[in-house]
Amino acid sequence: MKLTNPGAVPVYTVAGPSTARPLPDWLARRRKRSTKYDPESLNNFELLQEFEFEEASNCVQVSEDGNWIMSSGTYKPQFHVHSTAELSLSFARHTKSENTKFMLLGADYTKSVHLQTDRSLEFHTPMGCHYEVRLPRFGRDLAYLRQSTEVLVPAVGLSSDGSGFGEVFRLDLERGQFLRPWQVAVGEDDAEAGLQGGIHAGAVNVAAVAERTHGLCAFGTTIGTVEFFDPRSKGRVAVLGGQDGEVTALDYSDDGLSLALGTSTGQIRVFDLRNPRPLLKRDQGMGLPIKKLIHMKTPTEDRKLLSADKRIIKIWDERSGDLWTSIEPMVDLNDVVHVPDTGMLLTANEGKHMHSFFIPNLGLAPKWCSFLDNLVHEMENETRTETYDNYKFLTLPELRELSLDHLIGKTNLLRPYMHGYFAHAKLYDQARLIANPYIWEEERAKRVKEKLEKERSSRIRGAKKVKVNQKLADKVLQRQENRGKVDIEAGILGDSRFAKLFEDEEFKVDELSREFKALNPSTVVAGNPGQTQDVDMADANSTDFSGSESEEEMEEEKPKKKTKDEVVMQVSSSAAPRGGKIKDLAFGDRAQKDTRESRISAKKEIVGEQSITFVPESKKKKQEPPPRPEGKRRDDGRRSASSNVFRKL
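Residues numbered from 1 in each chain as written. Predicted model: local features only at pLDDT ≥ 70, side-chain atom pairs only at ≥ 80, totals over all residues. Heavy atoms only, no water.

The helix and strand tally for the protein stands at twelve helices and 36 strands. Looking at the protein as a whole, 37% of its 649 residues are labelled buried. Residue pairs at least 24 apart in sequence account for 45% of intrachain contacts in the protein once pairs closer than 6 positions are excluded. Of the roughly 42,800 Å² that the protein leaves accessible, carbon and sulfur atoms contribute 50%. (Helix = DSSP H or I, 4+ residues; strand = E, 2+ residues; numbered from the N terminus. Buried < 20%, exposed > 50% of the residue type's maximum accessible area, 1.4 Å probe, protein only. Contact = heavy atoms within 4.5 Å. Areas by Shrake-Rupley, 256 points an atom, 1.4 Å probe, with all protein chains shown as cover.)

Shown next as structure tokens:
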């Protein structure tokens, strides 16, 4: 017993497998031996002994007195009868063909009628098959009129008189003869389509009887109509049409005033017999035919409606139409039955084991398993643990990758199953390590990388991904972070008027345009035109970098010292000074000094060969030398012969 659907309305799986396919016999036996003394396995129990079939189960029902459970399944075709007093299998009986539907005619199992797939109707008693009768056409469902002891069998195909109506066969059990069948409209009169077994043959799919109230019989057809017959007048009294798809399920409420129907497209409708408009419309969500509808009541007298297809069981609130809870088994469902006045559900399914579900909010446990209430109370305070298998399923290509294909058929550690093999978990781990010795290091490096990326992304607080202008969005969030509060829905990011700014490519900011440079003088375009680097000191101080990254970047930004052997590139200007020679200078020698003029001119980009500035010049102006008079002797510091000391002597 385990909790399979935790929530406001918990669902407990009392019996049934947790996997979609059964384990092989050798693995099931080994697991049973290995978990013999496991404390968790010692607490497990089997609610009903041998509540299973070899292949699948078709139908299940509970007797009115609650002491017997009858179920049918295959293979071989058979039905089982379980005693709830003993919680065990009472007897099993094989039949000649597979069962389609059966009904209990009394308060216990002693009288039952079985509709078989070979067009036969069998009546069984505790001694065996009491009587067998052949039907003219294949039957789809069974219904029973207790007042007149008539068995109703909706059938496939058209009537023999060629009227274009389907038939519902009536077998009187008191007189032991067939009565005149009821004719139900199932489509046009087409001889080829009307043949039983044809692809497009019309049929009466399902029947429902309000036996505890007014006794009206409802029949759903393949053309989406529901026809009502009164057993007292032996004729049709009303027709309800306009449904999407075929009608596949019908059920009356306890008061007989509400009728629920399900279609082949997964639609659910609830009608009041006094109003042709549906009171409730719901969709099962799977697009599969509805197989079962059941009206239920909780201990607080809240009305619920159960709907089931082959994938999922849903329980709806009949008044509001809200989904109350759901159950999704691992196997396909064939039939569902509710134990009256309890919270127990039994299912017939395609798996080997039949399922039993217990919903405490739906009602108490049945009297024959009242101990479930105590178990549920104990499990409410327990923590759930997951159980993992000791075997790994591998296909043949996966075995070849691990170099284990040579072990096929030579060891018990590799067992064939379906399209692959079961390999022991330890063997799989060792083979994977040998095939790739660095798998541990690769996995560790991968984990470390993921952790670092996660930490790095966590530093960017309030990040928001947009289609266009991501840098603008980051800049807005950075300003919010500087103020101490980040809200991705505040400002232009959350204003619908500026939504296209971050979605439409036409509003993308062109960082190479003259207008962008004028409004953002501190943004310098990098080598890649699509990348920019913001040098704003306020933004630079608020940006977080990791220690290792910042040290590496600082080392890269340090200027390198020039060596003697290093080639130095020199440039010259095309505008030579007047009366002088052009002098080539290196880049390092041409660097301006850190003056007021240089600091101001460094902030703006200079284009051309000359620069004009309005910075006031220094008061100390350089005095130009006076012009040399003509005819005067040059005295440029050149040594004169007249000044020779020896000459003056």
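Residues Leu427, Tyr428 and Ala431 constitute the buried set of helix 5 (residues 425-435). Buried residues of helix 5, seen end-on, are gathered within an arc of 100° and therefore sit on one face of the element. Of the exposed residues in helix 5, those oriented more than 90 degrees away from the buried face are Lys426 and Gln430. Looking at the packing, one finds that the buried side of helix 5 touches strand 30 (391-395) and strand 32 (420-424). (Arc of directions from axis to C-beta.)

Within the structure shown, the criterion is met by 17 salt bridges. Residue Arg274 pairs with Asp272 through a salt bridge whose shortest N-O separation is 3.0 Å. Residue classification places Asp272 among the buried positions, given a relative accessible area of 16%. Within this structure, Glu64, Arg146 and Glu211 form a network of salt bridges that share partners. (Salt bridge = Lys/Arg side-chain N within 4 Å of Asp/Glu carboxyl O.)

Here we take up the UniProt feature "domain: NUC153" (unreviewed entry) in the protein. The positions UniProt marks with the feature "domain: NUC153" (unreviewed entry) are residues 495-523. Along residues 495-523, the helical share is 21% and the strand share 3%, with 26 Å between the first and last C-alpha atoms. (UniProt positions renumbered as here; feature names shortened; annotations may be inferred.)

A surface patch of negative charge is lined by Glu54, Glu55, Glu98 and Glu350. For Glu350, the position within the fold is in the loop between strand 28 (344-349) and strand 29 (355-358). Using a relative accessible area of 41% as the deciding quantity, one classes Glu350 as partly exposed. (Patch = residues over 30% accessible without salt bridge, like charges linked within 9 Å, V, L, I, M, F, W, Y side chains within 5 Å. Lys, Arg positive; Asp, Glu negative; His and termini not counted. Charge placed at Lys NZ, Arg CZ, Asp CG, Glu CD.)

Moving on, we get to the sheet that holds strand 4 (residues 68-74). Reading across the sheet, the four strands line up as 3-4-5-6 and stay open at both edges, with antiparallel pairing between neighbours. On the outer flanks of this sheet lie strand 3 (56-62) and strand 6 (88-94), each paired with one strand and no other. Direction aside, the axes of adjacent strands within the sheet are offset by 20° on average. (Pairing = 2+ DSSP bridges. Axes fitted to C-alpha atoms, helices over the stretch in contact; angles between N-to-C directions.)

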